[in-house]
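A look at the structure
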Amino acid sequence: MIVIVGGGITGLALGHRLEKAGEDFVILEGAPRVGGVIRSAEVSGRVLDWGPQRTRLVPPMAALIEELDLGDQVLTAPKGLDLFVYRAGKLRVVPFDVGAFLRSDIVSAGAKLRMLAEPLGAGPDPRERVSTFFRRKLGDEIYENIVAPLYGGLYASDPDDMEVGLSLAHVLRELGIGRSLLLPLLRRGGRVAPPPACSFRDGMETLPRALAGALGDRVHLSTRVTALERHGTGWRVRTEGETGTETLDARQVVLATSASEAAGLLRPVAAGAAEVIGGLRYNPLGVVHLDAETDLRGLGFQVSFAERDRALRGVTFNDSLFARENVYTAYLGGALRPDVERLSTSALAEVAVREFRDTTGYRAEPLAAEHEWVPAWDLSWRGLSGITLPDGVTVAGSWWSRPGLPGRLGEAARVATQLTGATARGGAMAPDRGGMKGPGGHPNAPRSRTEEAASATEEG
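Scope of this entry: the structure provided in the associated data block. (Residues numbered from 1 in each chain as written. Predicted model: local features only at pLDDT ≥ 70, side-chain atom pairs only at ≥ 80, totals over all residues. Heavy atoms only, no water.)

Glancing now at the overall build of the protein chain. Scanning the protein chain for helices and strands turns up 16 helices and 20 strands. Its C-alpha atoms give the protein chain a radius of gyration of 22 Å, near enough to 23 Å, the size a compact globule of 460 residues would have. Residues classed as buried in the protein chain amount to 56% of the 460 residues present. Accessible surface computed for the protein chain: about 18,400 Å², of which carbon and sulfur atoms make up 51%. (Helix = DSSP H or I, 4+ residues; strand = E, 2+ residues; numbered from the N terminus. Rg over C-alpha atoms; globule rule 2.2 N^0.38 Å. Buried < 20%, exposed > 50% of the residue type's maximum accessible area, 1.4 Å probe, protein only. Areas by Shrake-Rupley, 256 points an atom, 1.4 Å probe, with all protein chains shown as cover.)

Scanning all chains against the criterion turns up 10 aromatic pairs. Relative to Phe356, the ring of Tyr328 has its centre 5.6 Å away and its plane inclined at 50°; by these criteria the two rings are tilted. Residue Tyr328 is located in strand β18 (residues 327-333), and its partner Phe356 is located in helix α14 (residues 345-360); the two are separated by 28 residues in the primary sequence. Comparing Tyr328 with Phe356 shows no difference in burial state: the two are buried. Pairwise contacts between aromatic rings join Phe133, Phe134, Tyr151, Tyr155, Trp377 and Trp381 into one cluster. (Phe/Tyr/Trp six-rings, centres within 6.5 Å; stacked < 30°, edge-to-face > 60°.)

Moving on to the environment of Arg188. For Arg188, the location among the structural elements is in the loop between α9 (182-187) and β9 (197-200). When the C-alpha atoms of Arg188 and Ser398 are compared, they prove to be 30 Å apart, with 210 residues separating the residues in sequence.

Turning to the sheet that holds strand β11 (residues 223-231), a few remarks are in order. Read across the open sheet, the three strands follow the order β11-β12-β13; overall the sheet is antiparallel. With one partner strand each, in any of the chains shown, β11 and β13 (244-250) form the two edges of the open sheet. On average, each strand axis in the sheet is tilted by 20° relative to the strand beside it, whichever way the strands run. Two elements, β11 and strand β12 (residues 234-241), share eight bridges in a ladder whose sense is antiparallel. Looking across to β12, one finds that Arg224 is bridged to Glu240. (Pairing = 2+ DSSP bridges. Axes fitted to C-alpha atoms, helices over the stretch in contact; angles between N-to-C directions.)

We now examine the pairing of β18. In the case of a regular strand, side chains alternate between the two sheet surfaces. Where burial is concerned, most of β18 is hidden: seven out of the seven residues are buried. Inspection of the sheet shows strand β15 (residues 282-291) paired to β18 by seven bridges, in the antiparallel sense. Its bridge partner being in β18, Gly286 is matched across the sheet by Leu332. Here four bridges tie strand β17 (residues 312-316) to β18, and the two strands are oriented antiparallel to one another. For Gly314, the partnering residue across the bridge sits in β18 and is Tyr331.

Let us look at helix α12 (residues 271-278). For α12, the set of buried residues is Ala273, Ala274 and Ile277. In an axial view of α12, the angular spread of the buried residues amounts to 100°, which keeps them on one side of the axis. Exposed residues pointing more than 90 degrees away from the buried face of α12 are listed as Ala271 and Glu275. On its buried face, α12 sits against α11 (259-266). (Arc of directions from axis to C-beta. Contact = heavy atoms within 4.5 Å.)

Turning our attention to helix α1 (residues 9-20). In this model α1 runs 17 Å from its N-terminal to its C-terminal C-alpha over 12 residues, within 8% of the 16 Å that 1.5 Å per residue would give. Counting buried residues along α1, nine of its 12 residues qualify, which places the element largely inside the surrounding structure. Of the positions making up α1, those classed as buried are Ile9, Thr10, Gly11, Leu12, Ala13, Leu14, Gly15, His16 and Leu18. (Expected span 1.5 Å × (residues − 1).)

Pairing is parallel across the open sheet formed by five strands, whose spatial order is β10-β2-β1-β14-β20. At either end of the open sheet lies a strand with only one pairing partner, and these are β10 (219-220) and β20 (393-395). Bridging between strand β1 (residues 2-5) and strand β2 (residues 25-28) involves four bridges; their strand directions are parallel. Among the inter-strand pairings, Ile2 is bridged to a residue of β2, identified as Phe25.

Between α11 and α12, the shortest axis-to-axis distance is 8 Å and the interhelical angle comes to 160°. Considering the angle they form, α11 stands roughly antiparallel to α12. For the element pair α11 and α12, the recorded crossing hand is left-handed. For the pair formed by α11 and α12, the contact residues are Ala259, Ala262, Ala263 and Leu266 on the first element and Ala271, Ala274, Ile277 and Gly278 on the second. The residue inventory of the contact of α11 with α12, partitioned by class, reads seven nonpolar, one polar and no charged. (Parallel < 35°, antiparallel > 145°, perpendicular 65-115°, else oblique. Left-handed = near helix turned anticlockwise from the far one by under 90°. Nonpolar A, V, L, I, M, F, W, Y, C, P; charged D, E, K, R; others polar.)

A separate point is unusual backbone geometry. In the Ramachandran plot, Ser44 falls in the positive-phi region, its phi being about 50° despite a non-glycine side chain. With respect to the helices and strands, the residue Ser44 is situated in the loop between β3 (39-43) and β4 (46-50). Judged by its relative accessible area of 62%, Ser44 falls in the exposed class. Despite not being glycine, Ala323 shows a phi value in the positive range, around 55°. Here Ala323 lies in the loop between α13 (318-322) and β18. With relative accessibility at 68%, the residue Ala323 sits in the exposed group.

Once that is clear, we can look at the pairing of strand β14 (residues 252-255). Of the two faces of β14, the one lined by Gln252 and Val254 and the one lined by Val253 and Leu255 are each fully buried. The sheet contact formed by β1 and β14 spans four bridges and is parallel. Across the sheet, residue Ile4 finds its bridge partner in β14, namely Val254. Where β14 lies against β20, three bridges are found, and the strand directions are parallel. Paired with Val254 across the bridge in β20 is Thr394.

Before going further, it helps to spend a moment on the nonpolar core. Grouped together as the largest cluster of nonpolar side chains are 71 residues, with contacts concentrated most on Phe134, Ile142, Leu168, Val253, Leu255, Ile277 and Trp399. For this core, the element with the highest residue contribution is helix α6 (residues 140-155), accounting for eight residues. With sequence-adjacent residues up to four places away left out, Leu255 is seen in contact with Val5, Leu228, Ala262, Leu265, Leu266, Val393, Thr394, Val395, Ala396 and Gly397. Grouped together as the second largest cluster of nonpolar side chains are 36 residues, Ile2, Cys198, Phe200 and Leu215 included. (Core = buried A, V, L, I, M, F, W, Y, C linked by side-chain atoms within 4.5 Å.)

Here it is in structure tokens:
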């Protein structure tokens, strides 16, 4: 039997793959619900999402939706919605083609001229900071007002604390970017065109619920894994649930959990790996859903890194994205303002309302406010390149590879291939030992260029 620890989207998607392959497996989830960070609820008659607000209809996502018969539940964002960056008192459109960039007011004419020298600069060094790479290639102004809010916003992180080899190299590689960022874009017609954004009528939790429903009694809720122990050539998994304590014997164990949970289970059997994984930093994020009657139309906005004093780092326009009337989701904190962790939920709501008015000019009322924590993908990830996991144990959490739902589906596919290959050979699966085939990082399964482009504008 294969035991998957964690009923978030990665564990469920992995289970879906294993079921199609005819494998014997079980998913153990400590909470009374599936989905992990993907959570939806109706508040004051509005559908609200915590975690990702949307995903992209990349081919693997579209295929999964079809397999789960969710087509009639899908909401697709209207075409032509703009993404904005707030800078110097104004929401400015982010240009996604060269012509729009030349006409835009998001940066000065001098910054645009500076970009012409981009192809002359050296390519990425895996050991340099992400901020250093983009600043030397594109200049400070484009970095602070376009790259940093969009790329840093994906991780709620600060590219000053991120390393190219850890968090950016795989994106550049899959997009076919070597020395120049600009030339490959021009060869593709000078335009970035990610797949459509989508959600579901009852929120993003529709997807994990449907996966769990399709897997039936293979998913065990309110079943917390308390220990992993060596047992012959496999593992004994000890659990605690509503019916008491139990043990399961497993050929393979997959930890599709948060880093802290994985570290806790690994500590008695792989102390070195547990120390590294337990040391990965998560950034604090305040998520506040707002009720506001506005004329705003678009995907949402991120806040320029030149506006470092603001707690507000971005807003999703659920109203125009998916016709969720007057709903806007504000994100506060992240790496630039970790102090939001100390604010009460009521204080979070007050700050969100005030800064939403400052940036958009519109009044708002809070619908809900919560604290969340997201993997930082900062320099603490360096240690993953050297960890060794025990035979028969692998990890597949969002902290291990590829943020975003398309990335989670890709990770599930990769692990399923490894697991089914190990079963076919009749032996234990070799641990995924890290190493990016270069300085720093850890393995990342290849994805299509469409999926990589989707990740660059994913669920914020």
